[in-house]
Amino acid sequence: MDANIGIILKIVGIGIVVAIAHNVLKEAGKESFAPWVTLFGLAAALFFVVRILADLFNQVQSVFRLF
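Given the structure is predicted, the values throughout are model-derived calculations rather than measurements. (Residues numbered from 1 in each chain as written. Predicted model: local features only at pLDDT ≥ 70, side-chain atom pairs only at ≥ 80, totals over all residues. Heavy atoms only, no water.)

## Side note on the overall build of the chain
Then, number 1: Counting its secondary structure elements, the chain contains 2 helices and 0 strands.
Then, number 2: For a compact globule of 67 residues, the expected C-alpha radius of gyration is about 11 Å, and the chain comes in at 17 Å, more than 25% above that figure.
Then, number 3: A principal-axis box enclosing the C-alpha atoms of the chain has dimensions of 55 × 25 × 10 Å.
Then, number 4: A total accessible area of about 5,500 Å² is found for the chain, and carbon and sulfur atoms account for 73% of it. (Helix = DSSP H or I, 4+ residues; strand = E, 2+ residues; numbered from the N terminus. Rg over C-alpha atoms; globule rule 2.2 N^0.38 Å. Areas by Shrake-Rupley, 256 points an atom, 1.4 Å probe, with all protein chains shown as cover.)

Right under this line is the structure:
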């Protein structure tokens, strides 16, 4: 349970860093790079979400003794 809270905090941290980087790039006149920063931040957050879902599916398999 504590590991999931850590992962959630990492996702929140990624979101904050991406939002700040997006705004800084936009203000600096680098609007072409801002969407790429957002895309890479989304990909990093999805990596953590996929790990959580994989753990969930493994737990469901073990509970119902599937496969």
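## A short note on the packing of aromatic side chains
Then, number 1: Evaluation of the coordinates by the stated rule reveals 2 aromatic pairs.
Then, number 2: Geometrically, the ring pair formed by W36 and F40 is tilted, given 6.2 Å between the ring centres and 35° between the ring planes. Residue W36 and its partner F40 are located together in helix α2 (residues 34-64), separated by 4 residues, close to a single helical turn. (Phe/Tyr/Trp six-rings, centres within 6.5 Å; stacked < 30°, edge-to-face > 60°.)

Read these as geometric descriptors, not functional statements.
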